[in-house]
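# Structure at a glance
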Amino acid sequence: GPRSSPPPRPRPRNGDLRDITREIVGLGKSRRWADALLLLASLPQQGIMPNVFVFNAALGACGKSMQDGFVLPLLADMRRCEVAADAFTYST
């Protein structure tokens, strides 16, 4: 018979920001900084507000790949999202 499509993925709750952070860190370790930034950019469209840990992971992903040109735009995005930077933000 016809295959039923899987149910839509539930929108991540705040606790799932840990999973998103881990995913971005993993992308950074694989030098997939562009994928990390795409994932970060997709969050507000899904109704998910990134926190400082998600932003720090994205900054780290860019840093590992020497993509320094994305640091200032990411910091500006943090301000737009009203996410306060922490000591780790400025050390990445």
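The sections below set out a description of the structure shown in this document. For clarity, every value in this text was computed on a predicted model and none was experimentally measured. (Residues numbered from 1 in each chain as written. Predicted model: local features only at pLDDT ≥ 70, side-chain atom pairs only at ≥ 80, totals over all residues. Heavy atoms only, no water.)

A separate point is unusual backbone geometry. Although it is not a glycine, Arg31 adopts a positive phi angle of roughly 60°. Summarising the element assignment, Arg31 is placed in the loop between α1 (17-29) and α2 (33-42). Notably, Glu82 is not glycine yet its phi reads approximately 60°, a positive angle. Tracing the chain through its elements places Glu82 in the loop between α4 (71-80) and α5 (87-91). Relative accessible area serves as the criterion here: at 74%, Glu82 is assigned to the exposed category. (Helix = DSSP H or I, 4+ residues; strand = E, 2+ residues; numbered from the N terminus. Buried < 20%, exposed > 50% of the residue type's maximum accessible area, 1.4 Å probe, protein only.)

Two elements in contact, α1 and helix α3 (residues 52-64), have axes whose closest approach is 8 Å; the angle formed by their N-to-C orientations is 5°. The orientation of α1 relative to α3 falls into the category roughly parallel. Across from Leu17, Ile20, Thr21, Ile24, Val25, Gly28 and Lys29 in α1, the residues of α3 making contact are Phe53, Val54, Ala57, Ala58, Ala61 and Lys64. Residues that form the contact of α1 with α3 fall into these classes: 9 nonpolar, 2 polar and 2 charged. (Axes fitted to C-alpha atoms, helices over the stretch in contact; angles between N-to-C directions. Parallel < 35°, antiparallel > 145°, perpendicular 65-115°, else oblique. Contact = heavy atoms within 4.5 Å. Nonpolar A, V, L, I, M, F, W, Y, C, P; charged D, E, K, R; others polar.)

Geometric descriptors of this kind do not, in isolation, establish any biological role.
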